Amino acid sequence: MEIAARRKGVSERPRCSRCGAVLSAYRRPDEPDDLCAACGLRQASEREWKLLDPERLVYAVAGLLLSAAAERPGESVHLQAVLERRYYLTDNVDVHGAVQKLRRRYRWKVEAEAGRPGYRLSDWSYEFRRARKG
Ligand SMILES: [Zn+2]
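Residues numbered from 1 in each chain as written. Predicted model: local features only at pLDDT ≥ 70, side-chain atom pairs only at ≥ 80, totals over all residues.

Next up on the list: the overall build of the protein. On a plain count of helices and strands, the protein comes out with five helices and two strands. What you see in the protein, going N to C, is helices and strands ordered as α-α-α-α-α-β-β. Taking 14 Å as the expected radius of gyration for a compact globule of 134 residues, we find that the protein reaches 20 Å, considerably beyond that expectation. Referenced to the eigenvectors of the C-alpha coordinate spread, the extents of the protein come out at roughly 70 × 40 × 30 Å. Taken across its 134 residues, the protein has 16% of its residues classed as buried. (Helix = DSSP H or I, 4+ residues; strand = E, 2+ residues; numbered from the N terminus. Rg over C-alpha atoms; globule rule 2.2 N^0.38 Å. Buried ≥ 20, exposed ≤ 12 C-beta atoms within 10 Å, placed from the backbone.)

Among the secondary structure elements, alanine 98 is positioned in helix α5 (residues 92-106). A tally of 27 C-beta atoms within 10 Å means that alanine 98 is categorised as buried. In sequence terms alanine 98 and glutamate 55 are 43 residues apart; their C-alpha atoms lie 7.8 Å from each other. Beyond its immediate chain neighbours, meaning those up to four positions away, alanine 98 contacts Leu57, Val58 and Val61. (Contact = placed C-beta atoms within 7 Å.)

Shown next, in the form of C-alpha cells:
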C-alpha cells in the first residue's frame, strides 16, 4: 500500500521532455525547466556558445539587473546562470567586472551577500527623456 502510494507520487512528478526520466526534486534553479541534468548537459553542448566583449557585457548585466529589480524587487539574481541559460559564455570574474563598472561609472548600488551567489540592484540613476516631435 505504502509502496503503491510512493510509486503514484513518483509518477506524478514532472518528467524530462527528452528522455522521460523523473526530474529530481533537488534540481538547481538554473537548470532548464523541462530537462533532466543529463539531457540539459547534452543540449548545452549542442548549442553554440556566444561571447560578449566586456563593454557589451556591461549592457547585458545592466539589463538583467533592471529586469530583476522590476520583476522581483529585493531579490538577488544569479547573473552568470541567467547569461548561461541564454548561451553566453561568462565566468564570475567577467560578471563581477561588469558589476564593478556599473558601480564605478554610473553609481549604481549593486549589492551582493558574502557567500551567496547573485547580485541585487537597490538604487540606480536613470533618466528617461521623451523624444520631442519635429
Ligand atoms: Zn532527460
